[in-house]
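Here is how the chains run, residue by residue.
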Amino acid sequence: HFLAELLINGLADLEESIGQTRGFGSGVLANRDSTEQDRFRFWGHLGSIRRSMEAVERNRWIIENSLPHPPPPLDCLSGPIHNTVEEFFLLGQSIVVPQETPTEPNQFFAEATTAITAIGTCSDTIQEYLLQTLERRQQSEIDLHHLFLLGSSLSITLVVFFVATFYRNNRAAFTGLHNSLN
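Summarised in this report is the structure supplied together with it. Every value quoted in this text rests on a predicted model; they were computed, and no experiment measured them.

**Focus: the pattern of salt bridges**
Then step 1. For the structure on display, the rule yields 3 salt bridges.
Then step 2. One salt bridge connects Arg-39 with Glu-36, and the closest N-O pair in it is separated by 2.9 Å. One end of the pair, Arg-39, and the other, Glu-36, are both in helix α2 (residues 36–66), 3 residues apart, so they sit about a helical turn from each other.
Then step 3. Judged by its relative accessible area of 17%, Arg-39 falls in the buried class.
Then step 4. For Glu-86, the salt bridge is made with Arg-50, and the minimal N-O distance between the two is 2.9 Å. In this pair, Glu-86 sits in helix α3 (residues 75–96) while Arg-50 sits in helix α2, placing the two residues 36 residues apart along the sequence.
Then step 5. Judged by relative accessible area, which is 21%, Glu-86 ranks as partly exposed.

Here you go:
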């Protein structure tokens, strides 16, 4: 459940937050004359990234602590994505707190694109793992179903065999008894 939640909502929300922040932040940086209101709105975008990242981290932690062997694809969450998003987040803070040498819009856009690409790659890896796991479970259920049908068929065949044998033996015995009494 948490793996699907992470894949469907968590990573998609994080990607969306970074995408919106990329667009708004690049515009603010390109304008070179940001207002207090622009910085405040941008801070809201950074807050959205932080909330999304916290949700991803929470789901990752739950998955890792609830499974005896966490799936290998989750490694991309604690390494590449976490680091890339943190670097982008720090770069974004330079918009909120103006510096002597402002961040270039192209650099900001490229960092955001790198983060989005890393998230997409990780999401694809987790999705592939999840699909393979579901296919294995489905095949296991199908195999179990086939085994049940085979066992049921053998049981029915044995019952029919014993009933037919019992009927023939009883019929032969009654016919012999009837012939001996006549």
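**Some points on the nonpolar core**
Then step 1. Counting 30 residues, the largest nonpolar core has Leu-14, Ile-18, Ile-49, Leu-77, Ile-81 and Val-85 as the members making the most contacts within it.
Then step 2. Of all the secondary structure elements, the ones that give two or more residues to this core are α1 (2–31), α2, α3 and α4 (105–181).

**Examining the packing of aromatic side chains**
Then step 1. Scanning all chains against the criterion turns up 4 aromatic pairs.
Then step 2. Ring geometry for Phe-24 and Phe-42: centres 6.4 Å apart, planes at 15°, overall stacked. Placement of Phe-24 in helix α1 and of Phe-42 in helix α2 is noted, with a sequence separation of 18 residues between them.
Then step 3. A cation over a ring is seen here: Arg-50 above Phe-89, with NZ or CZ 4.0 Å from the ring centre.

**Quick word on α3**
Then step 1. Taking 1.5 Å per residue as the helical rise, α3 with its 22 residues ought to reach 32 Å, and the 31 Å between its terminal C-alpha atoms agrees with that figure.
Then step 2. The axis of α3 is deflected most strongly, by about 35°, at Ile-81.

**Details of the environment of Phe-88**
Then step 1. Examined against the element boundaries, Phe-88 turns out to sit in helix α3.
Then step 2. Through-space distance from the C-alpha of Phe-88 to that of Glu-111 is 6.0 Å; in sequence the pair is 23 residues apart.

**Some thoughts on the side chain of Asp-38**
Then step 1. On the secondary structure map, Asp-38 appears in helix α2.
Then step 2. Among buried charged residues, Asp-38 stands out as having no salt bridge; its nearest opposite-charge side chain is Arg-41, 4.7 Å away.

**So, the environment of Ala-30**
Then step 1. Mapped onto the elements, Ala-30 comes out in helix α1.
Then step 2. Judged by its relative accessible area of 51%, Ala-30 is exposed.
Then step 3. For the pair Ala-30 and Pro-105, spaced 75 residues apart in sequence, the C-alpha separation works out to 5.7 Å.

Calculation notes
- Residues numbered from 1 in each chain as written.
- Predicted model: local features only at pLDDT ≥ 70, side-chain atom pairs only at ≥ 80, totals over all residues.
- Heavy atoms only, no water.
- Salt bridge = Lys/Arg side-chain N within 4 Å of Asp/Glu carboxyl O.
- Helix = DSSP H or I, 4+ residues; strand = E, 2+ residues; numbered from the N terminus.
- Buried < 20%, exposed > 50% of the residue type's maximum accessible area, 1.4 Å probe, protein only.
- Core = buried A, V, L, I, M, F, W, Y, C linked by side-chain atoms within 4.5 Å.
- Phe/Tyr/Trp six-rings, centres within 6.5 Å; stacked < 30°, edge-to-face > 60°.
- Lys NZ or Arg CZ within 6 Å of the ring centre and 35° of its normal.
- Expected span 1.5 Å × (residues − 1).
- Bend = angle between axes of the 7 residues up to and from the residue.
- Lys, Arg positive; Asp, Glu negative; His and termini not counted.

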